[in-house]
Amino acid sequence: MKFSLRLFDFSQKINYKNEILAGLTVAMTMMPESLSFAILAGFPPLMGLYAAFIMGLTTSIFGGRPGLVSGGAGATVVVLIALMKSHGLEYVFAAVALAGVVQIFVGLFKLGKFIRLVPQPVMYGFVNGLAVIIFMAQLEQFKTVVNGHEAWLSGPPLMIMAALVALTIAIVIILPKFTKAVPPSLVAIIVVFALVFGFGIHTKTVRDIAAVSGGFPPFHIPAITFNMDTLQIIFPYALIMAGVGLTEGLLTLNLVDEMTATRGNSNRECIAQGSANILNGFFSGMGGCPMIAQTLVNLSAGARARLAGIIASLTILLIILFGAPVIEKLPMAALTGVMIMVAVSTFEWISFRIINKMPKQDVFVGILVALITVWLHNLALAVLIGVIISALVFAWESAKRIRARKYINEAGVKHYEIYGPLFFGSVMAFNEKFDIEADPEEVVIDFKDSRIADMSGIEALNKLTEKYRQAGKKLQLKHVSDDCVTLLKNAEGIIHVNILEDPSYRVVEK
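Keep in mind the model is a prediction, meaning the values are calculated, not measured.

### Points about the packing of aromatic side chains
So, point 1. All chains considered together, the criterion is met by eleven aromatic pairs.
So, point 2. Seen from their ring centres, Phe105 and Phe109 are 6.2 Å apart, and the 20° between their planes marks the pair as stacked.
So, point 3. With a relative accessible area of 58%, Phe109 lands in the exposed category.
So, point 4. Here the aromatic cluster, defined as three or more aromatic residues joined through ring pairs, consists of Phe219, Phe282 and Phe283.

### Considerations on the confidence of the model for the protein
So, point 1. In this model, the protein carries an average pLDDT of 85, and 92% of its residues clear a pLDDT of 70 or more.
So, point 2. Low pLDDT (under 50) marks residues 1-5, which in the prediction has one contact with non-local residues, meaning those over four places away or in another chain.
So, point 3. Predicted confidence for residues 502-510 stays below pLDDT 50, and this span has eleven contacts to residues more than four positions away or in other chains.

### Regarding the layout of surface pockets
So, point 1. Its boundaries defined by the atoms lining it, the largest pocket holds a volume of some 1400 Å³.
So, point 2. Contributing to the lining of the largest pocket are 46 residues, with Ser36, Ala137, Gln138, Glu140 and Gln141 lying nearest its centre.
So, point 3. When residues of the lining of the largest pocket are traced back to their parent elements, those giving at least two are α1 (16-41), α3 (74-87), α5 (120-139), β2 (143-146), β3 (149-152), α6 (155-174), α10 (292-300) and α12 (332-346).

### Concerning empty space enclosed by the protein
So, point 1. Under the counting rule described, the total for this entry stands at one cavity of 30 Å³ or more.
So, point 2. Its boundaries defined by the atoms lining it, the largest cavity holds a volume of some 40 Å³.
So, point 3. Looking at the largest cavity, the residues that line it are Ser60, Arg65, Pro66, Gly67, Leu68, Asn298, Ala305, Arg306 and Gly309.
So, point 4. Looking at the lining of the largest cavity residue by residue, the class counts come to three nonpolar, four polar and two charged.

Conventions used here
Residues numbered from 1 in each chain as written. Predicted model: local features only at pLDDT ≥ 70, side-chain atom pairs only at ≥ 80, totals over all residues. Heavy atoms only, no water. Phe/Tyr/Trp six-rings, centres within 6.5 Å; stacked < 30°, edge-to-face > 60°. Buried < 20%, exposed > 50% of the residue type's maximum accessible area, 1.4 Å probe, protein only. pLDDT = per-residue confidence, 0-100. Contact = heavy atoms within 4.5 Å. 1 Å grid on protein atoms, 1.4 Å probe; cavity = no way out; pocket = protein on both sides within 12 Å on 5 of 7 lines; lining within 4 Å. Points joined across faces, edges and corners; volume = space filled by probe spheres on them. Helix = DSSP H or I, 4+ residues; strand = E, 2+ residues; numbered from the N terminus. Nonpolar A, V, L, I, M, F, W, Y, C, P; charged D, E, K, R; others polar.

What follows is the structure, encoded as structure tokens:
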């Protein structure tokens, strides 16, 4: 058996300058976010950075597509807050590792393809809601702690913060008009850092969030009792975390596919993400998934290969080991400005331009998904609700499309030519097409332009056949497709219909 694992596409032309600069920019924007989410969940701050390093490096090398950036994402961390409060850190590590196992099984059984079932309105709602979340998260940087309570900045600190954020945004917007040789986000961070450091401006820095110095991620087996009671505790959290991570990851992968006009491997991404989370569980990381904001930063900086993600991960590790004193002095205003521009670029502005051209139900689904994403911060739930509503709308619209053309041929046989699918939603309309009492002795239902889709359709045919039999009349099915014939044969125990094997109806001549 021939087996090959192609980690890198050496036929791809790589712009090393873009990859390196993009990696550095991604590292700068990922660090404060990972630290913030770790602190939010009550984890040691370094857990966030360890997750950013482990997730980023593993998925960049083994993941389903180049350009995708993974790290300690808030979507997955939020799931673990309750477990942290109720059972402590060791159970969190175990849940993260178990979530990784679930994700690997999803990839091995090739279930990642089901992300294709997510309709475009749901994608619009997901992306727009996520853009709002990214933007709202940046407003937290305009707060400070006064006497143990959070309060908005005011006076000179607020003016300084706002001015530096505005400068960062201006650089990101204006610089590409003059040159695209370097990522504008990285230039903005460097310029604002130099300005603050050179003039001694007092403003909020990374150090104000948490210290980032430490050692290499230590190997650690979760100190828990391995029994069924423990499994019952951690499995629900692991399952939800795996689901949220895969949903956000595969939707991000689809988004990158659209932006780069290339195609990734969703199942391979599932396996890489699961492997990274297992490593997180045994190397003191808080786990994570692909991060849409950092991925967009990476792509906007010109990265298209795996190198940028590897550079970003190794940069975070080097900063943990050696560069903490410098990085801790980075002004949060610069990172906030970059993330605000990421939120602006993430938002699908085209959804406003085409809103009048979209069906009302699609507009409703998109808005609902966005609201749920923003309100609950539960991406998996938002997408699931969107898919369910879209499926119900589709079923309703399909049910209304079933119709029948009726005629009686020269032999006195009445034909019903059915158009549209016969399934649970269209059964009632299907039954209304037939006039059993007025029909002749022989009736043919022609499924040339229809198909029997489910058990409800089979049951409808069964009841219709029984009604014609009780009326002393004969019912036959014509032009039934092979898959429908198989479906009917599988239900032979409950249904007895006469299927015409010959596609043409022949009249017996006397």
